[in-house]
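Architecture at a glance
So the chains spell out like this:
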Amino acid sequence: MTAFPPFRVLFPNDQILRRTQELARQIHAATSGEPPMLVMVIEGARPFARLLQKFVPGNLPMHEVRASSYSGTQSSGAVRITTGADLPVRGRHVLLIEDIVDTGRTIHALQQHYRAAGARTCRVASLLSKPDRRVVTVEVDFLGFQIPDEFVIGFGMDLDGRYRELADVVVYDAEVERAFVAAAR
Ligand code: IMP
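To keep things clear, this report deals only with the structure shown in the data block. These numbers come from a predicted model, not from an experiment.

1. Let's talk about the overall build of the protein
Along the protein, the regular secondary structure elements total 4 helices and 9 strands. Shown N-terminal to C-terminal, the secondary structure of the protein runs as helices and strands in the order β-α-β-α-β-β-β-α-β-β-β-β-α. In summary, the protein has a C-alpha radius of gyration of 17 Å against a globular reference of 16 Å for 185 residues, a match within 12%. If one aligns the C-alpha atoms of the protein with their principal axes, the spans along those axes are about 55 × 35 × 25 Å. Burial statistics for the protein: of 185 residues in total, 45% are counted as buried. Counting only contacts in the protein whose residues sit at least 6 apart along the sequence, the fraction spanning at least 24 positions is 66%. Surface accessibility of the protein: about 9300 Å² in total, with carbon and sulfur atoms responsible for 50%. Of the charged side chains in the protein, 22 are positive and 21 negative, and the gap between their average positions amounts to 5 Å.

2. Examining the pattern of salt bridges
This model, assessed by the stated rule, comprises 12 salt bridges. Note that Glu43 is salt-bridged to Arg66, the shortest N-O span being 3.3 Å. Taken together, the positions of Glu43 in the loop between strand S2 (37-42) and helix H2 (46-55) and Arg66 in strand S3 (residues 62-71) put the pair 23 residues apart, joining distant regions of the chain. Residue classification places Arg66 among the partly exposed positions, given a relative accessible area of 32%. In this structure, Arg133 and Asp102 form a salt bridge, with 2.8 Å as the shortest nitrogen-oxygen distance. Placement of the pair is Arg133 in the loop between strand S6 (121-129) and strand S7 (142-146) and Asp102 in the loop between strand S5 (93-101) and helix H3 (105-116), with a sequence separation of 31 residues. Owing to a relative accessible area of 9%, Asp102 belongs among the buried residues under this scheme. The network of salt bridges with shared partners includes Glu43, Arg46, Glu64 and Arg66.

Rules behind the numbers
Residues numbered from 1 in each chain as written. Predicted model: local features only at pLDDT ≥ 70, side-chain atom pairs only at ≥ 80, totals over all residues. Heavy atoms only, no water. Helix = DSSP H or I, 4+ residues; strand = E, 2+ residues; numbered from the N terminus. Rg over C-alpha atoms; globule rule 2.2 N^0.38 Å. Buried < 20%, exposed > 50% of the residue type's maximum accessible area, 1.4 Å probe, protein only. Contact = heavy atoms within 4.5 Å. Areas by Shrake-Rupley, 256 points an atom, 1.4 Å probe, with all protein chains shown as cover. Lys, Arg positive; Asp, Glu negative; His and termini not counted. Charge placed at Lys NZ, Arg CZ, Asp CG, Glu CD. Salt bridge = Lys/Arg side-chain N within 4 Å of Asp/Glu carboxyl O.

What follows is the structure in C-alpha coordinates.
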(Lines give C-alpha, C1' and ligand atoms only; values in the text may rest on other atoms or scores of the structure.)
Protein backbone atom coordinates (compact mmCIF):
# COMPACT_ATOMS: atom_id res chain seq x y z
CA MET A 1 0.00 0.00 0.00
CA THR A 2 1.52 3.33 -1.04
CA ALA A 3 0.79 6.57 0.77
CA PHE A 4 -0.65 8.27 -2.31
CA PRO A 5 -3.25 7.38 -4.93
CA PRO A 6 -1.65 6.03 -8.14
CA PHE A 7 -1.96 9.26 -10.14
CA ARG A 8 -0.46 9.34 -13.66
CA VAL A 9 3.15 10.49 -13.50
CA LEU A 10 3.93 13.33 -15.89
CA PHE A 11 7.50 14.10 -14.82
CA PRO A 12 9.41 11.75 -12.53
CA ASN A 13 11.73 13.31 -9.99
CA ASP A 14 14.95 12.39 -11.83
CA GLN A 15 13.70 14.09 -15.00
CA ILE A 16 12.87 17.24 -13.01
CA LEU A 17 16.36 17.14 -11.54
CA ARG A 18 18.06 16.86 -14.93
CA ARG A 19 15.93 19.60 -16.49
CA THR A 20 16.56 21.93 -13.55
CA GLN A 21 20.31 21.43 -13.99
CA GLU A 22 19.96 22.48 -17.64
CA LEU A 23 17.93 25.54 -16.67
CA ALA A 24 20.54 26.49 -14.07
CA ARG A 25 23.21 26.38 -16.78
CA GLN A 26 21.08 28.59 -19.04
CA ILE A 27 20.44 31.05 -16.23
CA HIS A 28 24.13 31.21 -15.35
CA ALA A 29 25.11 31.75 -19.00
CA ALA A 30 22.51 34.51 -19.40
CA THR A 31 23.21 36.35 -16.15
CA SER A 32 26.73 35.58 -14.92
CA GLY A 33 27.90 39.14 -15.60
CA GLU A 34 25.53 40.31 -12.91
CA PRO A 35 24.05 37.60 -10.66
CA PRO A 36 20.27 37.80 -10.39
CA MET A 37 18.24 38.34 -7.25
CA LEU A 38 16.40 35.05 -6.80
CA VAL A 39 12.78 35.47 -5.70
CA MET A 40 10.67 32.36 -5.31
CA VAL A 41 6.91 32.44 -5.35
CA ILE A 42 5.91 30.47 -2.26
CA GLU A 43 4.66 27.93 -1.44
CA GLY A 44 4.49 25.93 -4.63
CA ALA A 45 7.85 26.91 -6.13
CA ARG A 46 9.86 26.03 -3.03
CA PRO A 47 11.29 22.62 -4.11
CA PHE A 48 12.03 23.81 -7.66
CA ALA A 49 13.58 27.07 -6.43
CA ARG A 50 15.79 25.28 -3.89
CA LEU A 51 17.03 22.88 -6.55
CA LEU A 52 17.70 25.73 -8.97
CA GLN A 53 19.53 27.67 -6.27
CA LYS A 54 21.74 24.66 -5.65
CA PHE A 55 22.72 24.35 -9.31
CA VAL A 56 23.19 28.05 -10.21
CA PRO A 57 26.81 28.85 -9.36
CA GLY A 58 27.48 31.64 -6.87
CA ASN A 59 25.53 30.46 -3.84
CA LEU A 60 22.93 33.20 -4.39
CA PRO A 61 20.54 34.06 -1.57
CA MET A 62 16.86 33.24 -1.99
CA HIS A 63 14.04 35.69 -1.32
CA GLU A 64 10.36 34.90 -0.99
CA VAL A 65 7.19 36.42 -2.34
CA ARG A 66 3.68 35.22 -1.70
CA ALA A 67 1.04 36.09 -4.23
CA SER A 68 -2.20 34.25 -4.35
CA SER A 69 -5.07 34.11 -6.76
CA TYR A 70 -5.93 30.48 -6.49
CA SER A 71 -8.55 28.46 -4.66
CA GLY A 72 -9.25 24.83 -5.55
CA THR A 73 -8.81 24.16 -9.27
CA GLN A 74 -10.23 27.49 -10.49
CA SER A 75 -8.28 30.74 -10.70
CA SER A 76 -10.18 33.61 -9.11
CA GLY A 77 -8.47 36.36 -11.08
CA ALA A 78 -7.35 38.84 -8.44
CA VAL A 79 -3.68 38.73 -7.41
CA ARG A 80 -2.61 39.83 -3.95
CA ILE A 81 1.03 40.17 -2.87
CA THR A 82 1.00 39.31 0.83
CA THR A 83 4.73 38.71 1.48
CA GLY A 84 7.79 40.18 -0.21
CA ALA A 85 6.14 43.24 -1.77
CA ASP A 86 8.87 45.41 -0.23
CA LEU A 87 11.97 43.46 -1.33
CA PRO A 88 14.92 45.77 -2.18
CA VAL A 89 14.82 45.24 -5.95
CA ARG A 90 15.90 48.72 -7.06
CA GLY A 91 18.65 48.43 -9.68
CA ARG A 92 18.67 44.62 -9.46
CA HIS A 93 18.11 41.91 -12.05
CA VAL A 94 15.23 39.99 -10.49
CA LEU A 95 14.60 36.35 -11.36
CA LEU A 96 11.12 35.22 -10.31
CA ILE A 97 10.93 31.47 -9.73
CA GLU A 98 7.51 29.85 -10.19
CA ASP A 99 6.21 26.30 -10.06
CA ILE A 100 3.69 26.78 -12.86
CA VAL A 101 2.48 29.63 -15.05
CA ASP A 102 -1.21 29.13 -15.72
CA THR A 103 -3.31 32.18 -16.63
CA GLY A 104 -0.16 34.29 -16.29
CA ARG A 105 -1.85 36.71 -13.88
CA THR A 106 0.44 36.04 -10.92
CA ILE A 107 3.70 36.48 -12.82
CA HIS A 108 2.35 39.49 -14.70
CA ALA A 109 1.32 41.19 -11.43
CA LEU A 110 4.70 40.45 -9.82
CA GLN A 111 6.63 41.74 -12.83
CA GLN A 112 4.59 44.95 -12.88
CA HIS A 113 5.12 45.39 -9.15
CA TYR A 114 8.92 44.87 -9.16
CA ARG A 115 9.47 46.90 -12.32
CA ALA A 116 7.54 49.76 -10.73
CA ALA A 117 9.74 49.32 -7.63
CA GLY A 118 12.86 49.89 -9.77
CA ALA A 119 14.08 46.43 -10.78
CA ARG A 120 16.34 46.69 -13.84
CA THR A 121 14.92 43.49 -15.28
CA CYS A 122 12.40 40.99 -14.01
CA ARG A 123 12.75 37.62 -15.68
CA VAL A 124 10.94 34.36 -15.00
CA ALA A 125 12.02 30.78 -14.42
CA SER A 126 9.15 28.30 -14.16
CA LEU A 127 9.15 24.54 -13.87
CA LEU A 128 5.90 24.27 -15.84
CA SER A 129 3.71 26.32 -18.14
CA LYS A 130 0.17 25.76 -19.42
CA PRO A 131 0.07 28.06 -22.48
CA ASP A 132 -3.50 27.00 -23.39
CA ARG A 133 -4.75 28.65 -20.19
CA ARG A 134 -3.12 32.06 -20.70
CA VAL A 135 -5.25 35.12 -20.05
CA VAL A 136 -2.33 37.56 -19.79
CA THR A 137 0.67 37.42 -22.12
CA VAL A 138 3.86 36.69 -20.19
CA GLU A 139 7.27 35.55 -21.30
CA VAL A 140 8.73 32.61 -19.41
CA ASP A 141 12.47 33.15 -19.93
CA PHE A 142 13.58 29.80 -18.49
CA LEU A 143 10.98 27.05 -18.80
CA GLY A 144 11.22 23.46 -17.58
CA PHE A 145 8.30 21.86 -19.40
CA GLN A 146 5.22 22.94 -21.29
CA ILE A 147 2.09 20.95 -20.36
CA PRO A 148 -1.50 20.70 -21.61
CA ASP A 149 -4.46 22.03 -19.64
CA GLU A 150 -4.41 19.49 -16.82
CA PHE A 151 -4.32 20.08 -13.08
CA VAL A 152 -1.01 18.80 -11.74
CA ILE A 153 0.21 18.19 -8.21
CA GLY A 154 3.44 17.13 -6.53
CA PHE A 155 6.97 18.52 -6.33
CA GLY A 156 5.62 21.49 -4.36
CA MET A 157 2.32 21.88 -6.18
CA ASP A 158 -0.85 21.28 -4.21
CA LEU A 159 -4.57 20.94 -4.35
CA ASP A 160 -5.83 22.93 -1.36
CA GLY A 161 -2.70 22.11 0.65
CA ARG A 162 -2.49 18.40 -0.24
CA TYR A 163 0.05 16.40 -2.27
CA ARG A 164 2.91 18.96 -2.22
CA GLU A 165 5.27 16.33 -0.83
CA LEU A 166 4.92 13.97 -3.81
CA ALA A 167 8.39 13.61 -5.39
CA ASP A 168 7.06 13.47 -8.97
CA VAL A 169 4.76 15.82 -10.89
CA VAL A 170 1.51 13.89 -11.43
CA VAL A 171 -1.92 14.61 -12.89
CA TYR A 172 -4.68 15.01 -10.30
CA ASP A 173 -7.62 12.71 -10.90
CA ALA A 174 -10.56 12.79 -8.47
CA GLU A 175 -11.72 9.33 -9.57
CA VAL A 176 -8.32 7.73 -8.87
CA GLU A 177 -8.33 9.46 -5.48
CA ARG A 178 -11.86 8.22 -4.64
CA ALA A 179 -11.02 4.61 -5.54
CA PHE A 180 -7.83 4.78 -3.46
CA VAL A 181 -9.65 6.14 -0.41
CA ALA A 182 -12.43 3.55 -0.75
CA ALA A 183 -9.91 0.68 -0.99
CA ALA A 184 -8.12 1.90 2.14
CA ARG A 185 -11.29 1.68 4.28
P1 IMP B 1 -1.65 32.00 -12.66
O2 IMP B 1 -1.66 33.31 -11.97
O3 IMP B 1 -3.02 31.65 -13.19
O4 IMP B 1 -0.59 31.86 -13.71
O5 IMP B 1 -1.46 30.92 -11.55
C6 IMP B 1 -0.25 30.55 -11.06
C7 IMP B 1 -0.46 29.77 -9.78
O8 IMP B 1 -1.64 28.97 -9.82
C9 IMP B 1 0.68 28.79 -9.58
O10 IMP B 1 1.73 29.36 -8.89
C11 IMP B 1 0.01 27.70 -8.78
O12 IMP B 1 0.04 28.01 -7.42
C13 IMP B 1 -1.42 27.71 -9.24
N14 IMP B 1 -1.67 26.66 -10.25
C15 IMP B 1 -1.98 26.83 -11.55
N16 IMP B 1 -2.14 25.65 -12.18
C17 IMP B 1 -1.90 24.71 -11.25
C18 IMP B 1 -1.89 23.27 -11.27
O19 IMP B 1 -2.12 22.60 -12.30
N20 IMP B 1 -1.60 22.66 -10.10
C21 IMP B 1 -1.31 23.33 -8.94
N22 IMP B 1 -1.31 24.66 -8.87
C23 IMP B 1 -1.60 25.35 -10.01
